[in-house]
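Here's the letter readout for the chains.
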Amino acid sequence: MQRYANLRPNMARLWETLERSAGIGATPRGGLARLALSEDDGQMRRLFQGWCEDAGLKVAVDPIGNMFAFRPGRDKDGKAVLLGSHLDTQIKGGRFDGILGVLAGLEVVRTLNEHDIETRLPLCVVNWTNEEGARFEPPMIGSAVFTGDKSLDFALSRTDKDGITLGAALEAIGFSGTQAQSPEHFDSLFELHIEQGPKLDESRTQLGIVTGAFAVRGFVVEVLGETGHVGPTPMPKRHNALVGAAHVTLAIEETGWALHPTGGKSTTMRLKAEPNLLGILPDRVEMTCDMRHPDDAVVSRAMADFTRRIPELEAKSRCTIRIHEGWSYGGMEFDKDRVGLVRTAAENFGYSHADMLTEAGHDAMHIANHLPAAMIFTPCEGGLSHNELENVTIADIEPGVNVLLQAVLARAG
Ligand SMILES: [Zn+2]
């Protein structure tokens, strides 16, 4: 491994691929709206596949559309080291979220090719399907099918807002594959990603070494009221579901501030009101909320405290409020050995680095329960992400790409 300590990826070439990607699904403000399995996602996937094939990789597509681009190793029966992330974006997304991890993986392979370096273990650049969950819920569904955490049938039957199933969307762009893959055939995963928060940028730290993930609890709150005319119905006779939703939102916000001193947060992120019409009191509101904290026990406690407040919120709003079970993920640690390879590489370069937990969801979190995984964060301007103005410079990402290359080389031999 020492032998290749001077090996450097070609940052100009990587940047060019990022620019090409930024042209597919571009928004007027310089971001991307490349929803999973859209026409644009299909176009990006074909471009990525072409680049992989030009680099001598064999691309396999599994039934949920995850793309695996294999580079053989000396050890013919060796398990492949995965490196990658996702190429889909939010509807008002940035041009680096996820994309950097996939295209940096490609750049690692191109660099090895250029120097005729054959690793002992095979390498595999991966693009996970529907990481964002902006079109099909839940997010990170491609990696969840790969690990067996979600069934293929469940995933293929998810629908978007127009009623199109994920399965039909995969067929439409030609990425419904037949080459199923499973974790036991892989060695580990390295995912490079922008931080999506301000810590690295504000502290001028070059790298985040991600040791684990925040515990995340998502849930749906249903508020039930009664329809009525907004004119004649007197104030004391109203059961306005939106008023209940307002009280719930404030309670969730208070929970967030209570969690804040120890690093936690709590969010109401979506609200659907019915019938949502002029002149009529809404009788039903569905809200999607989430709580996050480094400590799973603290999230559980916050959730219990919020649940205890429901009768008070019902009384204030004269509505019925129900909490429906949602989802949870995170709260895990990444593999100490693979994280150690990342740290060693960072130290060998002399980069400033900080251990941190990821506060956002990432495919690597699903994978980490099945395969040794590690994540590397690069700073992003102002910590802005899931935003069209998301931005990084070559100088921001170069340490991360260098470390990715060296950590993967150290592991793959
Ligand atoms: Zn991402």
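If you're wondering where the values come from, they're calculated on a predicted model, not measured in any experiment. (Residues numbered from 1 in each chain as written. Predicted model: local features only at pLDDT ≥ 70, side-chain atom pairs only at ≥ 80, totals over all residues. Heavy atoms only, no water.)

Caption draft 1: The UniProt feature "binding site: Zn(2+) 1" (unreviewed entry) in the protein chain, seen in detail. Under the UniProt annotation, "binding site: Zn(2+) 1" (unreviewed entry) lies at His86, Asp97 and His193. Spanning 108 residues, the named residues form one tight spatial group whose C-alpha atoms are at most 9.7 Å apart. Following the sequence through the fold, Asp97 ends up in the loop between β3 (80-85) and α3 (99-114). In this structure Asp97 comes out as buried when scored by relative accessible area, which is 4%. Excluding residues within four positions of it along the chain, Asp97 makes contact with His86, Asp88, Glu132, His193, Ile194, Gln196, Ser385, His386 and Glu390. Within the structure, Asp97 has its side chain in polar contact with the side chain of His193 (distance 2.9 Å). Inspection of the secondary structure assignment puts His193 in strand β5 (residues 186-194). (UniProt positions renumbered as here; feature names shortened; annotations may be inferred. Helix = DSSP H or I, 4+ residues; strand = E, 2+ residues; numbered from the N terminus. Buried < 20%, exposed > 50% of the residue type's maximum accessible area, 1.4 Å probe, protein only. Contact = heavy atoms within 4.5 Å. Polar contact = N/O pair within 3.5 Å; in protein donor to acceptor, adjacent residues only side chain to side chain.)

Caption draft 2: Layout of the coordination of the zinc ion. Taken together, His86 (NE2), Asp97 (OD) and His193 (NE2) make up the protein donors of the zinc ion, found 2.0 to 2.2 Å from the metal. Motif for the zinc ion, donor spacing along one chain: H-x10-D-x95-H. Here the residue His86 occupies a position in the loop between β3 and α3, and Asp97 occupies one in the loop between β3 and α3, the gap between them amounting to 11 residues. Just as His86 is buried, Asp97 falls in that class too. (Donors = N, O, S within 2.8 Å, 3.2 Å for Na, K, Ca; no water.)

Caption draft 3: Representation of the side chain of Ser266 within the structure. With respect to the helices, strands and loops of the structure, Ser266 is situated in strand β8 (residues 265-274). Residue Ser266 is classed as buried on the basis of its relative accessible area of 8%. Polar side-chain contacts of Ser266 include one of 3.2 Å to the backbone oxygen of Ile252. Non-local contacts of Ser266, meaning those with residues more than four positions away in its chain, are made with Ile252, Thr255, Gly256, Asp290 and Met291.

Caption draft 4: Fine view of the UniProt feature "binding site: Zn(2+) 2" (unreviewed entry) in the protein chain. Residues annotated by UniProt as "binding site: Zn(2+) 2" (unreviewed entry) correspond here to Asp97, Glu132 and His386. These residues run over 290 residues, yet every pair of their C-alpha atoms falls within 9.7 Å of each other. When neighbours within four sequence positions are excluded, Glu132 is seen to be in contact with His86, Asp88, Thr89, Gln90, Asp97, Pro139 and His386. By the element assignment, His386 lies in the loop between β12 (373-378) and α13 (394-412). Among residues more than four places away in sequence, those in contact with His386 are Gln90, Lys92, Asp97, Glu132 and Gln196.

Caption draft 5: Layout of the nonpolar core. Leu14, Phe48, Leu82, Phe190, Phe334 and Leu404 are the most contacted members of the largest nonpolar core, which totals 96 residues. Not counting residues within four places of it along the chain, the set of residues in contact with Leu14 comprises Leu100, Leu103, Ala104, Glu107, Ile397 and Val401. (Core = buried A, V, L, I, M, F, W, Y, C linked by side-chain atoms within 4.5 Å.)

Caption draft 6: Structural view of the sheet that holds β8. Spatially, β8-β9-β7-β10 is the arrangement adopted by the 4 strands of the open sheet, whose pairing is antiparallel. Unpaired on one side and paired on the other, β8 and β10 (320-330) mark the two borders of the sheet. Across the sheet, the mean angle from the axis of one strand to that of its neighbour is 15°, orientation sign disregarded. (Pairing = 2+ DSSP bridges. Axes fitted to C-alpha atoms, helices over the stretch in contact; angles between N-to-C directions.)

Caption draft 7: Looking closely at the domain arrangement of the protein chain. Partitioning the protein chain into structural domains gives domain 1 (2-213 + 331-412) and domain 2 (215-329). Using only C-alpha atoms to locate each centre, domain 1 and domain 2 end up separated by 34 Å. Contacts between domain 1 and domain 2 engage 9 residues on the former and 6 residues on the latter. Overall, the association of domain 1 and domain 2 removes approximately 620 Å² of surface from exposure, summing both partners, and the carbon and sulfur fraction of that is 50%. Summed over the three residues of domain 1 that lose the most area to domain 2, namely Glu137, Gly331 and Glu359, the buried surface amounts to 53% of that side. Counting across the interface, domain 1 meets domain 2 through 2 salt bridges. In this structure, the salt-bridge partner of Arg270 is Glu137, at a minimum N-O distance of 2.7 Å. Taken together, domain 1 and domain 2 are joined by 3 residue pairs in polar contact (both at pLDDT 80 or more). Grouping the amino acids of the side of domain 1 that touches domain 2 by side-chain chemistry returns 5 nonpolar, 2 polar and 2 charged. (Domains from an automatic or database assignment. Buried area = accessible area lost by both parts, 1.4 Å probe. Salt bridge = Lys/Arg side-chain N within 4 Å of Asp/Glu carboxyl O. Nonpolar A, V, L, I, M, F, W, Y, C, P; charged D, E, K, R; others polar.)

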